[in-house]
Amino acid sequence: MARAVTRQRKMINTAAAWAVGLLIFFPILWTILTSFKPEAQAIADPPIFLGFDWTLENYSVVMERSNYGRFLWNSIVIAGGSTLLGILIAVPAAWSMAFVPSKRTKDILLWMLSTKMLPAVGVLYPIYLLFIQFGILDSKIGLVIVLMLINLPIIVWMLYTYFREIPGEILEAARMDGATLKEEVLYVLTPMAIPGIASTVLLNVILAWNEAFWTLNLTAAKAAPLTAFIASYSSPEGLFYAKLSAASTMAIAPILILGWFSQKQLVSGLTFGAVK
Amino acid sequence: MATQQSRSAARLMMAPAVVLLLGWMLVPLTMTLYFSFKKYLPLRGGDLGWVGFDNYVRFVTSSSFWPSVMTTLIIVGGVLVITVIFGILLAILLNQPMWGQGVVRILVIAPFFVMPTVSALVWKNMFMDPNFGLLAHLWEFFGATPVEWLSQASLTSIVMIVSWQWLPFATLILLTAIQSLDSEQLEAAEMDGAPATKRFAYITLPHLGRAVTVVILIQTIFLLSIFAEIFVTTGGAFGTKTLTYLIFQRVLESQNVGLGSAGGVYAIILANIVAIFLMRIVGKNLDA
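Note that the structure is a prediction, hence the values are computed from the model and not measured.

With that out of the way, let us pick up the interface of chain A and chain B. On the side of chain B, 85 residues touch chain A, which itself brings 84 residues to the contact. If one sorts the elements of the side of chain A that touches chain B by residue count, helix α1 (residues 7-34) of chain A sits on top with 16 residues.

Shown next as structure tokens:
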């Protein structure tokens, strides 16, 4: 039986939760607001919350001055490409581990997880050197490969957890009815696996989009994604709060929206199924 | 039942992922080990021969080693304490009946999706700047002298920024764990007259034990290698040089690859100690 909650208590909960929620969200809100301010008002003392002269000028300045489109394109290619490549490699692996498990499946899964624990800085120079050797320093393809590799364990894990929940009996029933392996995969398994694959894609696009060690260290002018674009604001000249805010808003907006859709998968994905 | 044929097909399907990850692990690791035993200065003479354990000794005896270990411990420890304590409180709060729960959840989770360079720069400039930052205005409003956050209280500032990024993660996982708690148990305890503090200490907290452990282990692994937050705020100055940042400087800034690689090996060993505990928990869960 659900406990009767007094109206008063519910109101107190609501007020407290909203206050805390807005406090945590405030830096993002403030960034978005500042992006619409004229530079002079962005540093006004006392700060202006809403009563400023709303303008879109910062956005157009950032776009013109910094070739924002190219950074955005690099981010899309790197995050999207590494996720897609990772899925292509991980789906068969996760499929076979979920449906044809052997004694070693658990060991392989844990070993894959352990490669994720390798601190990036420990292998920074070798990767740097290899990138120079192969001529892929400051190239999108190089980052696609590296980000695919660092996220591959998470992709395999997430897919494995989803695939394992597909009942094996359905596959057997399809086989009894004379389905070939191809039909089985195409018409039985794929439709059931699509939600799992979709949420895996979502989480990994987010992780790759925000990755800020390899993207900062392995790119320069050509392949730099949004993480590096924003980092270039760390040595500013003149008034720049509003422009920094506009650039930041554009860099985080797509992922904030994707992220809100993926919050349910986030927990099992990032804890490797240890918390559900 | 799996036949011999399907088993070899399965092995074939696993092969690309396994081979790639094996290469990703072994090749750079071997190279790091190799360099760590060499005097290797790419810009000043290149490979100057084998030096045994020299780099390992020099890395730990250099004057910046122990400070960097302390900095790492303070940042990791500080962020863990803040995110776990506030994470538990927030999770309990968010689990109460209220209006607009979904929206509040979204507000709380949002910082996790902000890329590290953005959150570091926004905090650095728009909040922690001693002249124009919001915190400076707030301090002035109460008649206090604004703090020069990133130079005077550099470690506190970094801990604040990183905690803001990771609090959503801790909250989300702990909230998921709280929601799986059997509410009848709590109600029974309440009927028996147990006060709220006791109900929390004897029922809720033990139930959260595993989730807290998972949060601590996963965050530790990520926090040990935070980079962008330091790179764009202080650049390692004002005592914010972590072990990761020190190695980065040795390798890419001063191009002392041998020394940096020895540091890298230490970092790998450190991360593996944490990883072993995490793997045990995850592994147990696989059997269940």
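Picking up where we left off.
The largest bend in helix α9 (residues 181-210) of chain A is about 55°, located at T190(A), with the proline P191(A) one to four residues further on. Turning to α9(A), its buried residues number three or more, namely A193(A), G196(A), S199(A), T200(A), L203(A), N204(A), V205(A), I206(A), L207(A), A208(A), W209(A) and N210(A).

This paragraph deals with the domain arrangement of chain A. As far as domains go, chain A holds domain 1 (7-58) and domain 2 (68-234). Centre-to-centre separation of domain 1 of chain A and domain 2 of chain A, based on C-alpha positions: 36 Å.

Quick look at helix α12 (residues 243-253) of chain B now. Since the α-helix packs 3.6 residues into each turn, any two residues three or four apart lie on the same face. Residue and element names in this part refer to chain B. Burial runs high along α12: eight of the eleven residues are buried. Taken together, the buried positions of α12 are occupied by L243, T244, Y245, L246, I247, F248, R250 and V251. Just downstream of α12, Q255 is the residue with a positive phi angle, here 50°.

Let us look at the environment of V275(A). Topologically, V275(A) is positioned in the segment after α12 (241-270). Residues in contact with V275(A), not counting those within four places in the same chain, are V267(A), I173(B), T176(B), A177(B), A211(B) and V214(B).

Now for the packing of α1(A) against helix α5 (residues 116-127) of chain B. Where α1(A) meets α5(B), the closest approach of the two axes is 11 Å, and the angle between their N-to-C directions is 70°. Classified by the interaxial angle, the pair formed by α1(A) and α5(B) is roughly perpendicular. Every residue of α5(B) that contacts α1(A) at P27(A), W30(A), T31(A) and T34(A) is listed here: V122(B), W123(B), M126(B) and F127(B). In terms of residue class, the contact of α1(A) with α5(B) is built from six nonpolar, two polar and no charged.

A few words on the confidence of the model for chain A. In the predicted model, chain A carries a mean pLDDT of 86, and 95% of its residues have values of at least 70. Across chain A, α1(A) holds the top mean pLDDT of 93, while helix α8 (residues 168-176) of chain A sits lowest at 80.

Detail in the predicted coordinates should be disregarded across regions flagged by low pLDDT. All names here are of chain B. Per-residue confidence for chain B gives a mean pLDDT of 88, with 98% of residues at or over 70. Across chain B, the secondary-structure element scoring lowest on mean pLDDT is helix α9 (residues 183-191), at 83, and the one scoring highest is helix α3 (residues 65-94), at 94. Overall fold confidence for the complex sits at a pTM of 0.88, while the interface term, ipTM, reaches 0.87.

So, how was this worked out
- Residues numbered from 1 in each chain as written.
- Chains lettered and ligands numbered in written order.
- Predicted model: local features only at pLDDT ≥ 70, side-chain atom pairs only at ≥ 80, totals over all residues.
- Contact = placed C-beta atoms within 7 Å.
- Helix = DSSP H or I, 4+ residues; strand = E, 2+ residues; numbered from the N terminus.
- Bend = angle between axes of the 7 residues up to and from the residue.
- Buried ≥ 20, exposed ≤ 12 C-beta atoms within 10 Å, placed from the backbone.
- Domains from an automatic or database assignment.
- Axes fitted to C-alpha atoms, helices over the stretch in contact; angles between N-to-C directions.
- Parallel < 35°, antiparallel > 145°, perpendicular 65-115°, else oblique.
- Nonpolar A, V, L, I, M, F, W, Y, C, P; charged D, E, K, R; others polar.
- pLDDT = per-residue confidence, 0-100.

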